[in-house]
Amino acid sequence: MKKLISIVTGAFLFGAFIIIISSCAATKEIADKSSTQLWGENCMRCHNTPPSSAYNNTQWETISMHMKLRANLTDLESAKILEFLKSSN
Amino acid sequence: MKIQKKLMTMLSTALILCGSNAFSQDNLTQTERNEITTSQRQSPGNTNFVLAGYTYSGFEKEGDGQGSFGPAGFSPIFLWKKSDKLFFEGEMEMEIEDGEVNFGLEYSTLHYVLNKYFTVSAGKFLSPFGTYAERLHPKWIDKFAEKPLGFSEEGAMVGPMGEFGVSLRGGSQLGNAKINYVAYLSNGPSLITDDPAMAGQLMYDNLADNNNNKAIGGRLGFLPFSNSSLEIGVSGQTAKVGDKGSEYEHTGVNLFSGDISFIHKVGFMDLNIKGQYNQVNVDAATYKDEEGNNLNFDNNSKAYFLQLALRPAFIRNKFIKNIELAGRYSAMNLPEKSLWAGNQSQIGLGLNYWLNWNSVLKIDYMIDQVKGEEKEGAINVQIAFGF
């Protein structure tokens, strides 16, 4: 019973959390960031930044999704970084 | 007889048809053939597959020991992007260590992207308990050849490296800051009770569950600066760990972890700080020692590391800019009353040379100190390639 209550409370808090985050859009400063800047800021947090020439476009499509999930990147930054990688390799 | 004849005719017709087909293929001009290969190259198809992974090899020498080549390993990673919503990642692990070859399934995870904010995943996955397992342990990423104390399967482990279950994860902007989140249900750790030398310790390879209870866990990461340079994370997990039907059935554990990551350009250098603190609190329980006497204690264990790396990445000289200096302090405190008790600390000094962005040669000097014993030095040399 105790466990059920904690699961329900957890689910409720999680729901509230989803509503809060989804109402929180990126500020103009963030939305204006270039794809190159986002690549430079994010792709070196865990390992050295891979040069865009390291993979072809098809490979980048897959790797971007891998990294989006691994690093929990936001949808916008991940899409912009992919665009940069594909246009500069 | 008639049937046989018919079959023969069918077979020979088929052969002639195949042959003429091959013949017509052969009749293609070189230009036509080039066109076909180019168009194949240009159309990647909908299912994208990438074979990634890493490999490493090395040499280690502890104290006055004789030194030995190893460990060495090869971990292929299979990535399948089936669509914008469906993704699979799987890693096989093969390692030669202490004269043995170990095979393992490091992870095998199916992901389904629900929306911009959430992805639901199922399977075996690296534990999002802290960041070491999920983000830092691959040998081409780790600044040191060896894992920190308490994070390695070789010694007592304080915290999980993998989970088997389901999870929900994502990331979002929060004004100029960012957050990321993972919540999961997994089989959870199990308590060792029958082996006196290890009684009270947790086993984290939760491939099959030992009870009805599922572990609940999660991590919340916060990146306060708009340039994403700092991330602070907290993780927790709670579970029942005893075997179903045993006297330990109701014994539970609460795990807590805090982690930090900071990267910053200091003059011509890249500064990289990583750290994680793990704490495990198992409820008090009574175990038996070798003579059958009662051993009552609550397994409260801690393990942590703080790592700092400096690389003169903004210098012109190609040789110097690839050198990196790393330092790591790690420590592990195990419950005093247990038969596997002990406080241990380790200082690591590392000289790394980056051959390219994901290939590194590491030379480490490690100083180990077990409480009440003499310090012992070790040298590890490792070369690691990501691919």
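## Overview of the interface of chain B and chain A
Step number 1: The partner chain A presents 41 residues to the 58 residues of chain B that form the contact.
Step number 2: Taken together, the two surfaces of chain B and chain A that pack against each other cover about 4,100 Å², and 61% of this comes from carbon and sulfur.
Step number 3: Across the chain B-chain A interface, the total number found is four salt bridges.
Step number 4: There are 16 residue pairs in polar contact (both at pLDDT 80 or more) connecting chain B and chain A.
Step number 5: The greatest single-element share of the side of chain B that touches chain A, amounting to seven residues, is contributed by strand E7 (residues 162-174) of chain B.
Step number 6: Each residue belonging to the side of chain B that touches chain A can be placed in one class, and the counts come to 27 nonpolar, 17 polar and 14 charged.

## Describing the confidence of the model for chain B
All names here are of chain B.
Step number 1: When pLDDT is averaged along chain B, the result is 90; 89% of the residues meet or exceed 70.
Step number 2: Between residues 10-25, whose pLDDT stays under 50, and residues either more than four places distant or in other chains, the model counts one contact.
Step number 3: Under the prediction, the complex receives an ipTM of 0.87, its pTM being 0.88.

## As for a nonpolar patch on the surface
Residues and elements named next belong to chain B.
Step number 1: A contiguous nonpolar patch, built from Leu-325, Leu-351, Leu-355, Leu-361, Ile-363, Ile-383 and Phe-385 and spanning about 570 Å² of accessible area, is present on the exposed surface.
Step number 2: Elements supplying a minimum of two residues to the nonpolar patch: strand E19 (342-356), strand E20 (359-370) and strand E21 (376-386).
Step number 3: Note on placement: Phe-385 falls in strand E21.
Step number 4: The partly exposed category is assigned to Phe-385, whose relative accessible area is 38%.

## Looking at the state of the cysteines
In a disulfide, the sulfur atoms of two cysteines are covalently bonded to one another.
Step number 1: Inspection of the entire model under this criterion finds zero disulfides over all chains.
Step number 2: Left unpaired, A:Cys46 is separated from the closest cysteine sulfur, that of A:Cys43, by 9.7 Å.

## Some points on a negative patch on the surface
Step number 1: Judged by side-chain charge, B:Glu62, B:Asp64, B:Asp98, B:Glu100, B:Glu154, B:Glu373 and B:Glu376 come together as a negatively charged surface patch.
Step number 2: Residue placement: B:Glu62 occurs in strand E1 (residues 48-62).

Quick notes on the rules
- Residues numbered from 1 in each chain as written.
- Chains lettered and ligands numbered in written order.
- Predicted model: local features only at pLDDT ≥ 70, side-chain atom pairs only at ≥ 80, totals over all residues.
- Heavy atoms only, no water.
- Contact = heavy atoms within 4.5 Å.
- Buried area = accessible area lost by both parts, 1.4 Å probe.
- Salt bridge = Lys/Arg side-chain N within 4 Å of Asp/Glu carboxyl O.
- Polar contact = N/O pair within 3.5 Å; in protein donor to acceptor, adjacent residues only side chain to side chain.
- Helix = DSSP H or I, 4+ residues; strand = E, 2+ residues; numbered from the N terminus.
- Nonpolar A, V, L, I, M, F, W, Y, C, P; charged D, E, K, R; others polar.
- pLDDT = per-residue confidence, 0-100.
- Patch = residues over 30% accessible without salt bridge, like charges linked within 9 Å, V, L, I, M, F, W, Y side chains within 5 Å.
- Areas by Shrake-Rupley, 256 points an atom, 1.4 Å probe, with all protein chains shown as cover.
- Buried < 20%, exposed > 50% of the residue type's maximum accessible area, 1.4 Å probe, protein only.
- Disulfide = S-S within 2.5 Å.
- Lys, Arg positive; Asp, Glu negative; His and termini not counted.
- Charge placed at Lys NZ, Arg CZ, Asp CG, Glu CD.

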